[in-house]
Amino acid sequence: MASSSVKVAVRVRPFNSREINRGAKCVIQMQDKSTCIINSKQPKEAPKNFTFDYSYWSHSSEEDPSFASQRKVYQDIGEEMLLHAFEGYNVCIFAYGQTGAGKSYTMMGKQDPGQQGIIPQMCEDLFRQTAENTDPDLSFSVEVSYMEIYCERVRDLLNPKSRGALRVREHPIMGPYVEDLSKMAVTNYSDIADLMDTGNKARTVAATNMNETSSRSHAVFTILFTQRRHDNMTSLDTEKVCEGANINKSLTTLGKVISALADMHGSKKRRSDFIPYRDSVLTWLLRENLGGNSRTAMIAALSPADINYEETLSTLRYADRAKQIKCNAVINEDPNARLVRELKEEVNRLKELLLSQGLTKLYYTTIPNPPKKGLKPIFRAEKIFLSYNVFLKTESIRQDREALLAEMGVSVKEDGGTVGVFSPKRTPHLVNLNEDPLMSECLIYYIKDGVTRVGQEDVDIRLTGQFIKELHCVFCSEVNENNEVVVTLEPLVGAETYVNGKRITDGVVLKQGNRIVMGKNHVFRFNHPEQARLERERNATQEQQGEPVDWSYAQKELLEKQGIDIKQEMEKRLQDLENQYRKEKEEADQILEQQRLVRKEAV
C-alpha cells in the first residue's frame, strides 16, 4: 500500500471578454511553485502567498517564456498519472474552481492543434503505449463511461435511450457505483474522441433546453484500463485493473469534504471525524478518489480578475488544504497474481545469488535429485518451488470456496475476511419486505436444492428470535428437463399462506417477483436470478414503469384479493380511531372535573 498526498496544481487563465469589458486588473502573481494573490481594493492588506506542487501561469500568450501550455500541464500531471495506471493503480484527475475559471479547457481543451486538454492527450498516449507492446502474453482492453450529475441526478451521456436518472448503489467491496451506466469498449483514440463528442453534444443539448450550465452540473469521464497477462509457467491468466476518473467539478459539497479530510489528516483523532461523502452524489461516487484507494491530482482553476477576488481566494484556500489529504493507493491485481509475482522475484533473486557464487549448473533443474551438502541457496530454491506447488493447490481450494460463497451472495476480502452480502447470482431466495423501507431486503433466505421446510419443528427461517408456529410450508427446488431450476411452494394443513394476495391450499410454482405472505404478518418477495435475467433482457428496450413491489404493494394486493375494500377498510380504521379519541377525551374530562370538585371542596 502506497500512502501519498494529493498532488495539487493551480492554473490561472487569461481575461475573458466580460472581464476585459469591465476593465479588470490581474491580482495573481506566480513564481516557480508559489502563487500570490493581491487584494487591489484593499492596498494596505498584505498579499497572500501559497505554495503548490505546480503553479501554472497561463494568463499571457505563448510567446511569454513563463507561459504554461496545455502540453506542459499534461507532461507534469497527465504523464505521471498514466504511468501509475500502467502500474495498476486507480488514478483521478479533477479540476476545481468557480464557474468559468477554465476547468473544462484544462480537462478537455479544444480541437485546434496544441489546444487539447489532459483527457485527450492521456488517451492518445495510452493507445500509443499499448500499440508499442511486443509481448505476446500481454493484452489490453479499454472501456469508457461518461456521465453528468445535476441537482443530485445522474444522467448517462453515452446512452441516448437513458432518459431517467440512474441510481447510485454501493458494492460491499468495490464501493459506490452507478447502476446501469453504460460502458463502451474502445480500441483506439478515435473511438474515445467520438464518444467524447457524443457526450459533449448530449450536455450541450441539455444545457440549451434545461439550463444545466450552472455550478451544480458536473461531468465525470471514466476510463477502465485492464491489463491481462498469461503466465506460461503456471498457465494462469492474471489481470491488473486501473480505473481513471477525470472530473470537471465546481464549488459544492466537495469543499466540505476537502476541509473535513484536511482536518482529519492534520488531527490526532482521525477515527472520530466524520467525512460528509454522502452529502452529494458526486462526493459519494468519488469517495475512493478523495482519501481512499487512488493516486489523485487536483487542478485548481483560477480567474485572474480583481472582480473575482473572493472566489479566487476561496479556491486557493481549498487547494492549499487539499495538500494535506492522504490517499492509500494499492495495485489492483489478482491476489494470486501478486503472490506468483513475489515468488518469481524471490526465485530470480536466488538465481542472481547462485550466479554470483558460480553455481549456475546446480540450479533448480537438479531439484528432483538431492542437492549437495552445504549449498544453502539450492535448499532455499527447492523450498520456494515446493511452497509454490502447495500454494497452487491451496489457491485452487480457496477459489472453490470463494465461488461457493459468491453463489450464496457473500463477498470475501483478499485476506479471507467477510465484508458484505449481496443477492445470490443463481440460487433462488426470499428477501423480507417491511413497512419501514430501510428494513426491507435486509434479510436473505436461501432455498436449498431439494426440500426446505418452514414450520414449527424444521425451521429455516427464524423471525424476531422466535419460531413462528403458523409458518407451515415447504419449498421444493428441482431442475426440470430444460435444465431450469423450478421452485414450488406447498402449504401444510391449516397454514395461512398467500401468494400474490391469494390464499393457497395446493402447491404453486413460484415466479420471479412473487409476493409471499405467511400468517398475514410476515411478507417476502421471491427472487429467481435466472428468471430475472431473462426478464431484463426481454424488457431492455422498454421503459420500466409501475408501482414498486414493496411491503405496501404486498399488503394492498392481499386486501384486494381477499375482497376487502381498501377505502372502506381505511374509513373503518379512521372511524375506530376517532371513537377511541372521543372515549379517551371523555374520560379525561371526567377526571379533570372530579379533580376540580375536590379542590373546590377543600377550599
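Residues numbered from 1 in each chain as written. Predicted model: local features only at pLDDT ≥ 70, side-chain atom pairs only at ≥ 80, totals over all residues. Heavy atoms only, no water.

### Quick notes on helix α8 (residues 309–322)
To keep it simple, the criterion reads: Strands here are runs of E lasting at least two residues and helices are runs of H or I lasting at least four, both read from the DSSP assignment and numbered beginning at the N terminus. Take the residue count of a helix, subtract one, and multiply by 1.5 Å to get its expected span. Think of it in three bands: with a 1.4 Å probe and only protein chains considered, a residue is buried below 20% of the maximum accessible area for its type, exposed above 50%, and partly exposed in between.
Its 14 residues give α8 an end-to-end C-alpha distance of 20 Å, which sits within 8% of 20 Å, the value for a rise of 1.5 Å per residue. Taken as a whole, α8 has its buried residues at Y309, T312, L313, T315, L316, A319 and A322.

### Remarks on the confidence of the model for the protein
Cut-off, in case you're wondering: A score from 0 to 100, pLDDT tells how confident the predictor is in each residue. Only heavy atoms enter the contact rule, under which two residues are in contact if any of them lie within 4.5 Å.
Per-residue pLDDT for the protein has a mean of 78; in total, 76% of the residues score no lower than 70. Segment residues 361–379 is flagged for pLDDT under 50; beyond a separation of four residues in sequence, or across chains, it makes 23 contacts in the model. Under a pLDDT of 50 for its full length, residues 456–470 has, in the predicted model, 25 contacts with residues more than four places off or in other chains.

### Digging into the sheet that holds strand β19 (residues 429–433)
Note the cut-off: When DSSP locates at least two bridges between a pair of strands, those strands are taken to pair. The convention used is that axes are lines fitted to C-alpha atoms, helices contributing only their stretch in contact, and that angles between N-to-C directions extend from 0 to 180 degrees.
The antiparallel open sheet is built from six strands, whose spatial order is β20-β19-β28-β27-β24-β25. Edge positions in the sheet fall to β20 (444–446) and β25 (502–503), since each has one partner strand and no second. Pairing between β19 and β20: three bridges, direction antiparallel. In the sheet register, H429 faces β20, and the bridge partner there is Y446. Where helix α12 (residues 551–561) meets the sheet, it contacts β19, β24 (497–499), β25, β27 (515–518) and β28 (522–527), and its direction lies at approximately 75° from that of β27.

### Observations regarding the nonpolar core
Selection rule: Buried residues of nine kinds, namely Ala, Val, Leu, Ile, Met, Phe, Trp, Tyr and Cys, make up a nonpolar core once their side-chain atoms join them within 4.5 Å.
Core analysis: the largest hydrophobic core is formed by 38 residues, its most contacted members being I77, I93, V142, V144, I192 and F221. Counting residues in hydrophobic clusters, the runner-up holds 31 residues, among them V8, M30, M264 and A300.

### Some thoughts on unusual backbone geometry
Negative phi values dominate among residues other than glycine, just as trans dominates among peptide bonds. Backbone geometry at D180 places phi at a positive 65°, although glycine is not the residue there. For D180, the location among the structural elements is in the loop between β11 (175–178) and β12 (184–186). Phi at N500 takes a positive value of approximately 55°, unusual for a residue other than glycine. Summarising the element assignment, N500 is placed in the loop between β24 and β25.

### Overview of the packing of helix α2 (residues 70–87) against helix α4 (residues 118–131)
Here is the rule: Here the angle decides the label: under 35 degrees means roughly parallel, over 145 means roughly antiparallel, 65 to 115 means roughly perpendicular, and every other value means oblique. Crossing handedness is defined as follows: a turn of the near helix away from the far one that is anticlockwise and smaller than a right angle gives a left-handed crossing, while the clockwise case is right-handed.
Running from N to C, α2 and α4 cross one another at 50°; their axes reach a closest spacing of 9 Å. When the interaxial angle is binned, α2 and α4 end up oblique. At the point where α2 passes α4, the crossing takes the right-handed sense. Contacts between α2 and α4 involve Q70, R71, V73, Y74, G78, E79, M81, L82 and F86 from the former and I118, Q121, M122, D125, L126, Q129 and T130 from the latter.

### Digging into the sheet that holds strand β3 (residues 28–31)
Taken in spatial order, the three strands of this open sheet run β3-β4-β5, and their pairing is antiparallel. In the strand order of this sheet, the two ends are held by β3 and β5 (48–51), each with one partner. Averaged over all pairs of adjacent strands, the angle between strand axes in this sheet comes to 20°, irrespective of strand direction. Packing of α8 onto the sheet brings it into contact with β3, β4 (34–37) and β5, and relative to β5 it is tilted by some 35°.

### Details of the pattern of salt bridges
Basically, it comes down to this: Between Lys or Arg on one side and Asp or Glu on the other, a salt bridge is scored when a side-chain nitrogen of the former is within 4 Å of a carboxyl oxygen of the latter.
Tallying each qualifying case throughout the model produces 15 salt bridges. In this structure, the salt-bridge partner of R128 is D125, at a minimum N-O distance of 3.3 Å. On the criterion of helical spacing, the pair formed by R128 and D125 is a turn pair, its members being three residues apart in helix α4. Under the relative-accessibility criterion, R128 is labelled partly exposed at 39%. For D125, a relative accessible area of 11% gives the class buried. A salt bridge links K585 to D589, with the nearest nitrogen and oxygen atoms 3.4 Å apart. Taken together, the positions of K585 and D589, both in helix α13 (residues 566–602) and four residues apart, correspond to about one turn of that helix. Classification of K585 as partly exposed rests on a relative accessible area of 42%.

### A short note on the side chain of T312
Among the structural elements, T312 can be located in helix α8. Assessed through its relative accessible area of 1%, T312 is described here as buried. In this view, T312 contacts I28, I37, Q98, L302 and S303; residues no more than four positions away in its chain are not counted.

### Observations regarding the UniProt feature "binding site: ATP" (unreviewed entry) in the protein
Selection criterion: UniProt positions are given in the numbering used here, feature names are shortened, and annotations may be inferred rather than shown by experiment. Whenever a nitrogen or oxygen atom comes within 3.5 Å of another N or O atom, the pair is scored as a polar contact, on the condition that within protein one atom can donate a hydrogen and the other can accept it, and that pairs from neighbouring residues in sequence are kept only if both atoms are in side chains.
The sites that carry the UniProt feature "binding site: ATP" (unreviewed entry) are, in the present numbering, G97, Q98, T99, G100, A101, G102, K103 and S104. As for its placement among the helices and strands, A101 is situated in the loop between β7 (91–96) and α3 (103–107). Not counting residues within four places of it along the chain, the set of residues in contact with A101 comprises R13, A301 and L302. Checked against the element boundaries, K103 lands in helix α3. By relative accessible area, which is 6% here, K103 ends up buried. Of note is the side chain of K103, whose polar atom sits 3.3 Å from the backbone oxygen of G97.

### Remarks on the side chain of S303
Among the structural elements, S303 can be located in the loop between β15 (295–302) and α8. Classification of S303 as buried rests on a relative accessible area of 1%. Within the structure, the side chain of S303 is placed 2.9 Å from the side chain of N308, a separation counted as a polar contact. If near-sequence neighbours (up to four positions away) are discounted, S303 is found in contact with V12, R13, E19, I28, Q98, N308 and T312.

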